[in-house]
Amino acid sequence: MTTRAISLAACTVAAFLLAIPPAHAVDPAPCINGESESRSKSAVDEGEIRWTDATKYDASRTWALSTWQYSGAKIKLAPDSATTVNDLEFQDYTGPSGDRDPVASYVRDSGVGRTDFIRFNRSKMDGRNRAYQDSAAAHEVGHALGLCHKDGKILSLMWTSINVGMPVTEPQPVDKANYKKLWG
């Protein structure tokens, strides 16, 4: 192939690539059911969440925390230490197992020096596959970050229910857009 042919091919590829519009940024999605996203409803304290763990679902807790530490995430999620204040505790409980009963929940305990909780319902988590458990844990960490539920028509980790067949296990573009709107 001649130098001229290579240059012509390179120019053709460059022109083609320039003609492709840039990827459209995803807009934040509204909350449902009168909910709102708010820093004051989060477990965030001075740009971080310090957590402790008393759950048997350690693998899902680890997954959830790591998936919210994506490139560009502003809030630091780190284990509590002797020199920090515990903002969030992961714990298990045995609760009802009906269709309307939660798999997990974020419990806000407002007040200075108070600890919020992510609680896993053993009756709903046990016997489920790892993706289901990861989805529940990551969803609740989203609440601890101040995010609200999203409409089921939008692909979001913050849906009100877990798709058992193919659960969303990490923040989607819309979740990251809402996170950015809230935290920068």
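Note that the coordinates shown come from a computational prediction; the quantities given were computed from them, not determined experimentally.

Colleague: When you look at the environment of M166 in this model, what are you seeing that I'm missing?
Modeller: Note that M166 resides in the loop between α4 (130–144) and α5 (173–183). Remark: the alpha-carbon pair of M166 and Y132, spanning 34 residues in sequence, is separated by 8.3 Å.

Colleague: In this structure, what is going on with the sheet that holds strand β2 (residues 76–79)? I would like to understand it.
Modeller: The strands that make up a sheet are held in pairs by hydrogen bonds between backbone atoms, and each pair lies either parallel or antiparallel. An order of β2-β1-β3-β5-β4 is seen for the 5 strands of this open sheet, with the pairing classed as mixed. Among the strands making up the open sheet, the edge pair consists of β2 and β4 (104–107). Strand-to-strand twist across the sheet, computed as the mean angle between neighbouring axes with direction ignored, equals 25 degrees. For strand β3 (residues 88–93) and strand β5 (residues 116–121), the ladder comprises 6 bridges, and the chain directions are parallel. The partner of Q91 across the bridge, within β5, is R119. Along the sheet, helix α2 (residues 58–67) contacts β1 (48–54), β2 and β3; its crossing angle with β1, the most-contacted strand, is approximately 170 degrees. Where α4 meets the sheet, it contacts β1, β2, β3, β4 and β5, and its direction lies at approximately 15 degrees from that of β4.

Colleague: Help me understand the state of the cysteines, please; the structure alone is not making it clear to me.
Modeller: Defined simply, a disulfide is a covalent bond joining two cysteines at their sulfur atoms. Counting across every chain of the model gives 1 disulfide. The disulfide partner of C31 is C148, and the S-S distance across this bridge is 2.0 Å. The S-S bond linking C31 to C148 shows a torsion near -90 degrees; that makes this disulfide left-handed. Here the residue C31 occupies a position in the loop between α1 (3–19) and β1, and C148 occupies one in the loop between α4 and α5, the gap between them amounting to 117 residues.

Colleague: In this structure, what is going on with the packing of aromatic side chains? I would like to understand it.
Modeller: Pairs of aromatic rings are described using the distance from one ring centre to the other and the angle between the two planes. On inspection of all chains with the given rule, the structure shows 5 aromatic pairs. Seen from their ring centres, Y57 and F120 are 5.6 Å apart, and the 70 degrees between their planes marks the pair as edge-to-face. Residue Y57 is located in the loop between β1 and α2, and its partner F120 is located in strand β5; the two are separated by 63 residues in the primary sequence. The class of Y57 is buried, set by a relative accessible area of 5%. Summarising the aromatic geometry, the rings of F90 and F120 are spaced 6.3 Å apart at their centres and angled 20 degrees between planes, so their arrangement reads as stacked. On the criterion of sequence distance, the pair formed by F90 in strand β3 and F120 in strand β5 is long-range, its members being 30 residues apart. Members of the aromatic cluster, connected to one another through ring pairs, are W51, Y57, F90 and F120.

Calculation rules
- Residue numbers restart at each chain and count upward from 1, following the sequence in its written direction.
- Only residues with pLDDT of at least 70 are given local features in this predicted model, and only at 80 or more are side-chain atom pairs given and counted; all residues enter the totals for whole chains, interfaces and linings.
- Side-chain measures were taken over the full set of non-hydrogen atoms in the model, leaving aside hydrogen atoms and water.
- The helix count covers DSSP runs of H or I at least four residues long, the strand count covers runs of E at least two residues long, and both are numbered beginning at the N terminus.
- For two strands to be treated as a pair, DSSP must find at least two bridges joining them.
- For every element, the axis is a line fit to its C-alpha atoms; helices are fit only across the contacting stretch, and the angle between N-to-C directions ranges from 0 to 180 degrees.
- Should any heavy atoms of two residues lie within 4.5 Å, those residues are counted as being in contact.
- Sulfur atoms of two cysteines make up a disulfide when they are within 2.5 Å.
- Pairing of aromatic side chains requires ring centres within 6.5 Å, counting the rings of Phe and Tyr and the six-membered ring of Trp. Pairs whose planes differ by under 30 degrees are stacked, by over 60 edge-to-face, and all others tilted.
- Three labels apply to residues, based on accessible area from a 1.4 Å probe with only protein chains included: buried if under 20% of the type maximum, exposed if over 50%, partly exposed otherwise in between.

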